[in-house]
Amino acid sequence: MKKLVIFLVLFSALPCVYSQAAFYNAGNIQMHGTAQVGFHTNVINDGVFNNNSGSAGFYSQDQSIVVSGKNKMIFKDITVEVFDDLFLSTSIGVTNDLLLNIGRVNTPTNDKAVSLDFIDSRIYVGADDDRHVDGYVTVTNSGEFTFPIGNAGLLRPMILPNSPRTGTFKGAYFKLDPNTPNTSATPTTFTTSFDTNAKDLTLTSVNTEEFWDLDGSDVTSIKLTWDKNSNLGALTQKVSDLRVVGWSKDLEFWVDLGNTGVGGDMNNGTIQSTPFIPDEFEVITIGSGKAAENIVFGNYGISPNGDGTNDTFAIKNIEISHNNTLRIYNRWSLLVYSKNDYDNSWGGFSDNKLNVNRELGLPDGTYFYVLDFHDLGISWQGWVYVKR
């Protein structure tokens, strides 16, 4: 038999300012078994209310509901059915299932400490433009998770992939220009502009319509979504040119986070990044990059004799991706040269200490190269003939 838990509502004795009644907890409350509780008014939790079975619901047809207090409430199942939205001034946790029936869940976009928390859970039902979390969502889980986040009346989820280990990630979506990431209508924690003209050479443009904030110390990839409101046609006319991009905290410009899979068209689709550490980036969004085919691969010949012509192993457009590694082997598969961030400077010399008379250069002959572009996901092999 289900247990219905009924709470008394306190009125004028509350030491806070509300235009409506509120449920106030300063003690220790637990819900057991299949207990159910429905909140039809504001909730203030200064006590313990975080070890609950059963289900809790927030219901109102004519006013918003505000959850505040010193401590986080945690429920097994939560239902939201608030026509004028549920507002969180303190975090709420769910350990099983979230049902978004009516209204949005709002968290302060200028306070990352407050979020809707999925704790060892990734289940929810009902997310769309009218039903989502406008603000921050935190998830602690190892399975695939789609953040039910949005802003300005638009659902714009991002998706974490399956992971071999449990990690904690926090995310939010902002329908804001990264150049002005903090507005009176949508205050945020960001204090500086993320200049979309400040970008690495692999990028041609960065979206000025929207961005996401993703926090976490574990390595992950991320899948971003777009629709017609993203205006990706201003970036490129080819879906294959799209990239996930991030504002690097260290470099203070946009860097290419890759494209390991893209689907859809210019009006609706998804794109997945290469793995990265979210905490190394302030925000992420979608940009466009120079196509990999612009880098000219092939077999080469060089004549490093100092005459200024063809003296080095030069790959056309190598500057498109500085995040690369070149390795050169002789015919016996011995590594004779390697360089990160290759800059077309190899002139037939060895940097392997096992090679004798390195200062004289390598003997004439055919050498084999492997060139890895880490951010583009490309590995290319070929040969280069050295003739002095």
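Residues numbered from 1 in each chain as written. Predicted model: local features only at pLDDT ≥ 70, side-chain atom pairs only at ≥ 80, totals over all residues. Heavy atoms only, no water.

S.K.: What's the story with the sheet that holds strand β25 (residues 268-272) in this structure? I'm lost.
M.R.: Hydrogen bonds between backbone groups are what pair the strands of a sheet, and the pairing can be parallel or antiparallel. Taken in spatial order, the five strands of this open sheet run β14-β17-β21-β25-β24, and their pairing is antiparallel. A strand with exactly one partner marks an edge of an open sheet, and here the two such strands are β14 (145-146) and β24 (261-265). As paired strands, strand β17 (residues 158-160) and strand β21 (residues 223-227) are joined by two bridges and run antiparallel to one another. Counted as the bridge partner of Ile-159 is Lys-223 from β21. (Pairing = 2+ DSSP bridges. Helix = DSSP H or I, 4+ residues; strand = E, 2+ residues; numbered from the N terminus.)

S.K.: Would you mind showing me how to read the packing of aromatic side chains here?
M.R.: The relation between two aromatic rings is expressed through the spacing of the ring centres and the mutual angle of the planes. Enumeration according to the criterion identifies 25 aromatic pairs in this entry. Geometrically, the ring pair formed by Phe-174 and Phe-190 is edge-to-face, given 5.9 Å between the ring centres and 80° between the ring planes. In this pair, Phe-174 sits in strand β18 (residues 167-174) while Phe-190 sits in the loop between β18 and β19 (203-206), placing the two residues 16 residues apart along the sequence. Judged by relative accessible area, Phe-190 falls into the buried class, the value being 5%. (Phe/Tyr/Trp six-rings, centres within 6.5 Å; stacked < 30°, edge-to-face > 60°. Buried < 20%, exposed > 50% of the residue type's maximum accessible area, 1.4 Å probe, protein only.)

S.K.: How should I be thinking about the pairing of strand β22 (residues 242-248) in this particular structure?
M.R.: The side chains of a regular strand alternate, residue by residue, between the two faces of the sheet. With respect to burial, β22 is a largely interior element, seven of its seven residues being buried. Side chains Leu-242, Val-244, Gly-246 and Ser-248 project from β22 onto one buried face, and the interleaved Arg-243, Val-245 and Trp-247 project onto a second face that is buried too. Two elements, β22 and strand β23 (residues 254-256), share three bridges in a ladder whose sense is antiparallel. By the bridge assignment for β23, Val-245 is matched with Asp-256.

S.K.: Is there a simple way to explain the pattern of salt bridges in this structure?
M.R.: Proximity of charged atoms lets side chains of opposite charge pair with each other. In the structure shown here, the tally under the stated rule is 10 salt bridges. Between Asp-130 and Arg-104 there is a salt bridge, with its nearest N and O atoms 3.8 Å apart. In this pair, Asp-130 is assigned in the loop between β11 (123-125) and β12 (133-134) and Arg-104 in the loop between β8 (92-102) and β9 (105-106), connecting sequence segments 26 residues apart. With a closest N to O distance of 3.0 Å, Arg-243 and Asp-256 form a salt bridge. Highlighted residues: Arg-243 in strand β22 and Asp-256 in strand β23, separated in sequence by 13 residues. Arg-243 sits in the buried class, given a relative accessible area of 9%. A relative accessible area of 8% places Asp-256 in the buried class. Among the charged side chains, a salt-bridge network with shared partners connects Lys-112, Asp-213 and Asp-215. (Salt bridge = Lys/Arg side-chain N within 4 Å of Asp/Glu carboxyl O.)

S.K.: What am I meant to see in the nonpolar core here?
M.R.: One broad rule of soluble globular proteins: the nonpolar side chains tend to lie buried together. Counting 55 residues, the largest nonpolar core has Phe-58 and Phe-147 as the members making the most contacts within it. No other element matches the five residues that strand β6 (residues 73-82) contributes to this core. By size, the runner-up hydrophobic cluster in this structure holds 19 residues, among which are Tyr-300, Ile-302, Ile-315 and Leu-371. (Core = buried A, V, L, I, M, F, W, Y, C linked by side-chain atoms within 4.5 Å.)

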